[in-house]
Amino acid sequence: MKNIKNDWWKTSFDNNFYKIYYHHLKRNFFAYIDKLIKFANLKKEKVILDIACGSGEHLAALKRKGFNNISGLDYSYAEIARKNTKKYKISIQKKDMRKKLGKNIYDFIMLNSTSFGYFNDKDNKNVLKNCYKALKPKGKLFIDNLSREFILDNFCPKNWTKLQSNVLFLEERKLSKNKKNLLSSWHLVEKNRVHILLNKLRLYSVQEFKNLFYEVGFKKIKIKKINTHNWFLAKK
């Protein structure tokens with residue numbers, strides 16, 4: 001596996017990643033949002049921000065559920081998200097999640113689909129600090145991330161997935177020496193062409209997440225384990 005740069009996220013989320021994640025891997029966003037609403041006890045009148053909103057599918061699902069005070073931001077797919085949510089008139093910004101989000105604006109901020117852990121520990125913590133400041137009193141932060149405990153207990157160095165009759169997907173994985181980072185190489189084999197995408201994720205344990213939340217200032221933490229992921233709900 002090639003060396004993965006610290007700023008891998010600036011180039012890896014290209015059209016090929018989009019095809020893998022949003023086109024080939026079938027996902028039921030509507031069912032996901034149903035579970036999220038129940039887990040977070042989310043009310044329709046709340047002001048909501050989706051950080052790293054990707055294609056905008058989660059926001060579109062919320063809109064269809066009757067949530068109107070919603071917006072998103074994404075560094076790579078802001079333009080795609082705008083197109084996908086155009087009929088819903090949802091505000092989408094192109095923005096680095098490490099930048100300030102404002103103060104006392106949102107009731108609920110969400111980072112879905114393992115959107116946390118792209119940076120070094122200092123920058124990752126700053127993301128949480130920005131979220132805390134942007135939340136109103138008693139506001140909530142939701143994070144859905146790949147479980148470090150699951151990865152360590154069930155580590156698989158590679159696997160093939162047949163996405164379509166003529167499309168194959170290979171994911172190769174490697175853990176850093178301290179087992180705190182998951183290094184992945186995604187190979188999309190399509191029409192005799194191979195697209196390679198590299199990514200690096202800081203794997204935080206449940207306890208590390210709890211420590212970060214409390215250090216930033218959150219008072220209450222709710223946790224739910226869902227298959228390969230952990231759901232966290234941190235309240236001010």
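Structure: above.
Here is a short report on the structure shown in this document. Residue positions are counted from 1 within each chain, in the order its sequence is given. Reporting in this predicted model follows two pLDDT cut-offs: at least 70 for local features of residues, and 80 or more for side-chain atom pairs to be given and counted; totals over whole chains, interfaces and linings ignore these cut-offs and use all residues. Computation of side-chain values covers all heavy atoms of the structure but excludes hydrogens and water.

Here a helix means four or more residues in a row that DSSP labels H or I, a strand means two or more in a row labelled E, and each is numbered from the N terminus. The helix and strand inventory of the protein chain stands at 8 helices and 11 strands. Our radius of gyration is a C-alpha quantity, and the globule rule it is checked against amounts to 2.2 Å times the number of residues to the power 0.38. In summary, the protein chain has a C-alpha radius of gyration of 18 Å against a globular reference of 18 Å for 236 residues, a match within 12%. Based on the C-alpha atoms only, the size of the protein chain along its principal axes is roughly 50 × 45 × 30 Å. When each of the 236 residues of the protein chain is scored for burial, the buried share is 52%. As displayed, the protein chain has an accessible area near 12600 Å², and 48% of this comes from carbon and sulfur atoms. Counting 52 positive and 20 negative side-chain charges, the protein chain places the averaged centre of each group 4 Å from the other. Remark: exposure states derive from per-residue accessible area (1.4 Å probe, protein chains only) relative to the maximum for the residue type, with buried under 20%, exposed over 50%, and partly exposed in between. Under the convention used here, a 1.4 Å probe and the Shrake-Rupley method define accessible areas, while residue burial counts only the protein chains that appear. Under this rule, positive means Lys or Arg and negative means Asp or Glu; His and the chain ends count for nothing. A charged residue contributes its charge at one atom only: NZ of Lys, CZ of Arg, CG of Asp or CD of Glu.

By the secondary structure assignment, N130 is in helix α6 (residues 121–134). Taking the relative accessible area as the measure of exposure, N130 reaches 8% and is therefore buried. Here a polar contact is taken to be a pair of N or O atoms separated by no more than 3.5 Å, where protein atoms must pair a possible hydrogen donor with a possible acceptor and residues adjacent in sequence count only if both atoms sit in side chains. Here the side chain of N130 touches K99 through a polar contact of 3.3 Å, landing on its backbone oxygen.

If you check which residues of helix α4 (residues 57–64) are buried, you get H58, L59, A60, A61 and L62. In what follows, residue pairs with any heavy atoms lying within 4.5 Å of each other are defined as contacts. Buried-residue contacts for α4 involve α3 (29–40), β1 (48–51), β2 (70–74), β3 (91–94) and β4 (106–111). Downstream of α4 by a residue or two, G66 has a phi angle that is positive, lying close to 100 degrees.

This paragraph deals with the packing of α3 against α4. Fitted lines through C-alpha atoms give the axes, limited to the stretch in contact for helices. The angle between two N-to-C directions lies from 0 to 180 degrees. At a minimum axis separation of 9 Å, α3 and α4 run at an interaxial angle of 70 degrees. As far as their axial angle goes, α4 and α3 are roughly perpendicular. As α3 runs across α4, the sense of the crossing is right-handed. Touching F29, F30, Y32, I33 and I37 of α3 are E57, H58, A61, L62 and R64, all from α4. Angles below 35 degrees are treated as roughly parallel, those above 145 as roughly antiparallel, those between 65 and 115 as roughly perpendicular, and all remaining angles as oblique. Crossing handedness: left-handed means the near helix sits turned counterclockwise from the far one by under a right angle, and right-handed means the same turn made clockwise.

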